[in-house]
Every structure is written in C-alpha cells, then in structure tokens.
Amino acid sequence: MADTISSDLNSPDGPFWHRIQTAPIDCGAAQQWLSADIVGAAGATVLFTGQVRSEQGQVSALSLEHYPGMSEKVLAGLIREVAQRWPLLRALAWHRVGDMGAGDAIVVVGVAAAHRQAAFEACSCLMDRVKTEVPLWKKVSGPDGSDWVDARDADLAAARRWHDSGEADER
C-alpha cells in the first residue's frame, strides 16, 4: 500500500498487526483479518472504529501528526501488553494520520479471543491506551480557525483504570 507510512509494518507480525497510515482505513479488511484462520477457536471478535466527529458543525477537518518510528513502536508494545493480560488469538491497531473530514475513520482496534469478556475488556483497554499513549498530535479546524487539541481528562482517566485496576482477567 503506497499510502502506508511504515512499509515494513504492512503485514501482520504473527497474531498481531499494527500500522500508521495516511490512506483511509479499511474496517472490513480489519474484521476479515481478525476472523481469518481462527474459525472455531474464537468465540468473540470485537472491533472498535474511532471516527472524526463534526461536533455539530464546529469541526470541518482533523489533522493528525505523529512521531515516525516511535508511534509504531508504541502501538506494537501496547498490543503485546494487552495480549499478555488477556488470552487473545489476534489483535490489531491501525491509526490514520494526515488530513481527515467528518465521518472518516481515525483508528481501528480489534481483538479475537475465545470468550467475549476477554475480547471486550482487551479491546477497550487497547483503545484507551492507544488514545493516550501513542505519540500523536491532533489539530481541529472549524469555522473559527484551527487549534491543537490536548488530551481530555476523561481519556486519561479511562487509560489509568487499566494501569490501576485490580480487575480479574479472564484466563
């Protein structure tokens, strides 16, 4: 894929697949990959897609920048950490950078596991941590101009719960 920034990360690394890309995200391909070759082993797949919100006309465009090399390294590490915590058959995290409009997919994270509880928790954890730990910078444009956006307190709190949590993991 010519529009993928990290050409060495275009294909999965065994049961894990991470990438940063400028091209639109193909959520169907993500779901297909999560389910491929594990028929009968996976009782659940969970796929989350984050999209650009228009915020009732206040956002006309979103631009994301990243730290090449570091962003991919962090994505890979997060997937591996989540897979150590929950028994996953597959996991992916794809993030888009560059310019996007309302409705465009920004990120897709997904997991396949034997049981739904593990799949839901692992996918939620992965998304919360991708949102707060991957070195990405977001600029929002609208009728009043453009502004760089800081991390929201709610997002930081959501990610902290996975670090602070004593929740029992399904193993």
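Residues numbered from 1 in each chain as written. Predicted model: local features only at pLDDT ≥ 70, side-chain atom pairs only at ≥ 80, totals over all residues. Heavy atoms only, no water.

J.: What exactly am I supposed to notice about the pattern of salt bridges here?
T.: Side-chain pairs of opposite charge can arise where the charged atoms are in close proximity. Tallied over the entire structure, the rule returns seven salt bridges. The salt bridge partner of Glu55 is Arg53, with a shortest N-O separation of 2.8 Å. According to the relative accessible area criterion, Arg53 is exposed, its value standing at 53%. Of the charged contacts, one joins Arg96 and Asp104 as a salt bridge, the two residues approaching to 3.8 Å between their closest N and O atoms. Judged by its relative accessible area of 9%, Arg96 falls in the buried class. Classification of Asp104 as partly exposed rests on a relative accessible area of 27%. Through salt bridges with shared partners, one network takes in Glu81, Arg129 and Glu133. (Salt bridge = Lys/Arg side-chain N within 4 Å of Asp/Glu carboxyl O. Buried < 20%, exposed > 50% of the residue type's maximum accessible area, 1.4 Å probe, protein only.)

J.: What exactly am I supposed to notice about the packing of aromatic side chains here?
T.: The geometry of an aromatic ring pair is captured by two quantities: the separation of the ring centres and the angle between the planes. Tallying each qualifying case throughout the model produces three aromatic pairs. Seen from their ring centres, Trp17 and Trp33 are 5.4 Å apart, and the 70 degrees between their planes marks the pair as edge-to-face. Within this pair, whereas Trp17 is found in strand β1 (residues 16-21), its partner Trp33 is found in helix α1 (residues 27-35), the two being separated by 16 residues in sequence. Of the two residues, Trp17 and Trp33, neither departs from the other in class, the shared state being buried. When the centroid spacing of 4.8 Å and the interplanar angle of 75 degrees are considered together, the rings of Trp17 and Trp94 count as edge-to-face. Taken as a pair, Trp17 in strand β1 and Trp94 in strand β4 (residues 88-96) lie far apart in primary sequence, 77 residues in all. Classification of Trp94 as buried rests on a relative accessible area of 1%. In this structure an aromatic cluster arises from ring pairing among Trp17, Trp33 and Trp94. Seen from the ring of Trp94, Arg19 lies directly overhead, with NZ or CZ sitting 3.9 Å from the centre. Note that Arg90 overlies the ring of Trp33, its terminal NZ or CZ placed 4.5 Å from the centroid. (Phe/Tyr/Trp six-rings, centres within 6.5 Å; stacked < 30°, edge-to-face > 60°. Helix = DSSP H or I, 4+ residues; strand = E, 2+ residues; numbered from the N terminus. Lys NZ or Arg CZ within 6 Å of the ring centre and 35° of its normal.)

J.: Just checking my understanding: could you explain the sheet that holds strand β3 (residues 61-66) for this structure?
T.: Remark on secondary structure: sheet strands pair via backbone hydrogen bonds, oriented parallel or antiparallel. Reading across the sheet, the four strands line up as β5-β3-β7-β8 and stay open at both edges, with antiparallel pairing between neighbours. At either end of the open sheet lies a strand with only one pairing partner, and these are β5 (98-101) and β8 (145-149). Taken pair by pair, the neighbouring strands of this sheet meet at an average axis angle of 25 degrees, ignoring direction. Direction of pairing for β3 relative to β5: antiparallel, over a ladder of four bridges. Paired with Leu62 across the strands is Met100, a residue of β5. (Pairing = 2+ DSSP bridges. Axes fitted to C-alpha atoms, helices over the stretch in contact; angles between N-to-C directions.)

J.: What is the right way to look at the sheet that holds strand β2 (residues 44-51) in this model?
T.: Overall, mixed pairing links the four strands, which are arranged β1-β4-β6-β2 in an open sheet. On the outer flanks of this sheet lie β1 and β2, each paired with one strand and no other. Going across the sheet, the axis of each strand differs from the next one's by a mean of 5 degrees, ignoring polarity. When β4 meets strand β6 (residues 105-113), the two strands line up antiparallel, connected through seven bridges. In the strand pairing of β6, His95 is matched with Val107. Each of β2, β4 and β6 touches helix α3 (residues 116-133); the most contacted strand, β6, lies at about 150 degrees to it. (Contact = heavy atoms within 4.5 Å.)

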